[in-house]
Amino acid sequence: MTRRIPSAKVRRPEDLGGIAITSRLAPSFLLCLTLLLFSFLAAGEARAQSAIPTWQPPKTGLGYDVDLDAGEAQRPGPIRAREVQLRGAQPLYVRLLFSWPDPAGEQGGVPLDTLDPLVDRYRDAGFEVILAPRGSAALSGAVTGTMTQEPEILSRWRAFLRAAAERFKGRVRFYQLEGLSAPGAEAGQARAAAFLIKKGAVELRGADPEALVVTETLPASRLDYLSALLGEDTSAYVDVVALHSETEEDLESIAAKATALLLEKDPSASLWMLGEKLPASSSVSTGVPQSQPDLVAVSEGEPQTQTAPATQATSPAPERGASLIRKAASAFAGGARLVSFDLPPAPDGGP
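Presented here is a report on the structure given in the accompanying data block.

Conventions and cut-offs
- Residues numbered from 1 in each chain as written.
- Predicted model: local features only at pLDDT ≥ 70, side-chain atom pairs only at ≥ 80, totals over all residues.
- Heavy atoms only, no water.
- Helix = DSSP H or I, 4+ residues; strand = E, 2+ residues; numbered from the N terminus.
- Contact = heavy atoms within 4.5 Å.
- Areas by Shrake-Rupley, 256 points an atom, 1.4 Å probe, with all protein chains shown as cover.
- Phe/Tyr/Trp six-rings, centres within 6.5 Å; stacked < 30°, edge-to-face > 60°.
- Expected span 1.5 Å × (residues − 1).
- Buried < 20%, exposed > 50% of the residue type's maximum accessible area, 1.4 Å probe, protein only.
- Arc of directions from axis to C-beta.
- Core = buried A, V, L, I, M, F, W, Y, C linked by side-chain atoms within 4.5 Å.
- Salt bridge = Lys/Arg side-chain N within 4 Å of Asp/Glu carboxyl O.
- Pairing = 2+ DSSP bridges.
- Axes fitted to C-alpha atoms, helices over the stretch in contact; angles between N-to-C directions.
- Left-handed = near helix turned anticlockwise from the far one by under 90°.

A word on the overall build of the chain. Counting its secondary structure elements, the chain contains ten helices and ten strands. Considering only residue pairs separated by 6 or more positions, the chain has 83% of its internal contacts joining residues 24 or more positions apart. As presented, the chain carries roughly 15700 Å² of accessible surface, and 52% of it is formed by carbon and sulfur atoms.

So, on to the packing of aromatic side chains. Evaluation of the coordinates by the stated rule reveals six aromatic pairs. Geometrically, the ring pair formed by tyrosine 93 and phenylalanine 174 is edge-to-face, given 6.2 Å between the ring centres and 65° between the ring planes. Linking tyrosine 93 in strand β2 (residues 93–99) with phenylalanine 174 in strand β4 (residues 174–176), this pair joins segments that are 81 residues apart in sequence. Ring centres of phenylalanine 98 and phenylalanine 160 lie 6.3 Å apart, and the angle between their planes is 75°; this geometry places the pair in the edge-to-face category.

What follows concerns helix α9 (residues 251–265). Its 15 residues place the ends of α9 21 Å apart at the C-alpha level, agreeing with the 21 Å of an ideal helix rising 1.5 Å per residue. Taken together, the buried positions of α9 are Leu251, Ile254, Ala255, Ala258, Leu261 and Leu262. Buried residues of α9 fall within an arc of 125° about the axis and therefore sit on the same side. In α9, those exposed residues whose orientation departs by more than 90 degrees from the buried face are Leu263 and Glu264. For α9, the secondary structure elements touched by its buried residues are α8 (223–230), β6 (240–244), β7 (270–273) and α10 (317–333).

Once that is clear, we can look at the nonpolar core. Proteins that are soluble and globular tend to have nonpolar side chains buried together. Counting residues in each nonpolar core, the largest one holds 75 residues, and the members touching the most others are Leu96, Phe127, Leu131, Trp157, Phe168 and Val241. Each residue touching leucine 96, except ones within four places of it in the same chain, is listed here: Val66, Leu68, Val119, Tyr122, Val129, Ile130, Leu131 and Ala132.

A few words now on the pattern of salt bridges. Enumeration according to the criterion identifies 16 salt bridges in this entry. Across the pair aspartate 65 and arginine 95 runs a salt bridge whose closest N-O atoms are separated by 2.9 Å. Of the two residues, aspartate 65 sits in strand β1 (residues 61–67) while arginine 95 sits in strand β2, which places them 30 residues apart along the sequence. With a relative accessible area of 3%, aspartate 65 lands in the buried category.

Counting buried positions along strand β3 (residues 128–134) yields six of seven residues, so the element is predominantly enclosed. Two elements, β3 and β4, share two bridges in a ladder whose sense is parallel. Across the sheet, leucine 131 pairs through a bridge with tyrosine 175, a residue of β4.

A few words on the packing of helix α4 (residues 112–124) against helix α6 (residues 152–167). The geometry of α4 relative to α6 is characterised by a closest axis approach of 11 Å and an angle of 35° between their N-to-C directions. The element α4 and its partner α6 pack so that their crossing is right-handed. For the pair α4 and α6, the contacting residues are Leu112, Asp113 and Asp116 in the first and Phe160, Ala163, Ala164 and Arg167 in the second.

For glutamate 186, the position within the fold is in the loop between β4 and α7 (190–207). Residues glutamate 186 and alanine 228, spaced 42 residues apart in sequence, show a C-alpha to C-alpha distance of 9.3 Å. Discounting chain neighbours no more than four positions away, the residues touching glutamate 186 are Arg222 and Tyr225.

A positive phi angle, close to 60°, is found at aspartate 233, a residue other than glycine. Relative to the helices and strands, aspartate 233 is located in the loop between α8 and β6. Overall, the relative accessible area of 59% leaves aspartate 233 in the exposed class.

In short, the description is geometric, and any link to function would need to be established separately.
Structure (structure tokens):
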């Protein structure tokens, strides 16, 4: 079988977005200013490269996550700002996480017809969209070393990825294949996940040669597993490696360790880190009951709100904003490319 390797694999490592970090942050004007500040870091360089005809991912970037499996009230909408909508040198990113809609599965997942308006909503606001379908325990469990024929669930998953790439060709470039490893998988079990990565990449690139493939999010402490995964000849299929920091360890140190591994195993791959937390919420007692609008619909049109009691106040916005800046700067210093925060919705539906 002849497999096509798109040119995107060659144009990396300094071009692709790299590290993503996830966290909780109180909605504030400071947050928007912080994200917009980082969004213009590469403006000068991109203007110098304006003659390059083909699109290339920015060298660094920021964004945030939206979990479509969560209730609508927990999904932040896009930041509405002229600077973001113009995209320019440094677009903001949004990562849409969702369970893949297995027709034979017990859980429905998110169908492509539902994704369509959401993708357009963020693109119209100026965001670069990352689709991150979650696999399932049934999918990862179906791949064994004793297979004599392809399991039906694998055939359905491959068909879903191809259909997604066909539908979103020209609108979505990044596909992150989440949930391919069994929970707590040991390094010796990386072969099954590598097999799924290869199958998924073939489907995505077969439908859209410009599609860029991102690994599932792996704990930064499991570099042994990542090494085993890359050791399964996945380098030709993977454009980005995604990690998640589980501790307060310095992000620059984490990025340096992961980058050293990538230089050895897959020097053309970029690095993302997902899941970094900002300061936790802290209770603030004022003696007066508080209420705040609670987002109830953000999927289409203008978000609507209703009043709900505030049971917990978040840590001060300046503290969280300062933490966001510190963590992003540390990640960039360690070789980060893309930093994405997990932000709750504000009363107006934004992050």
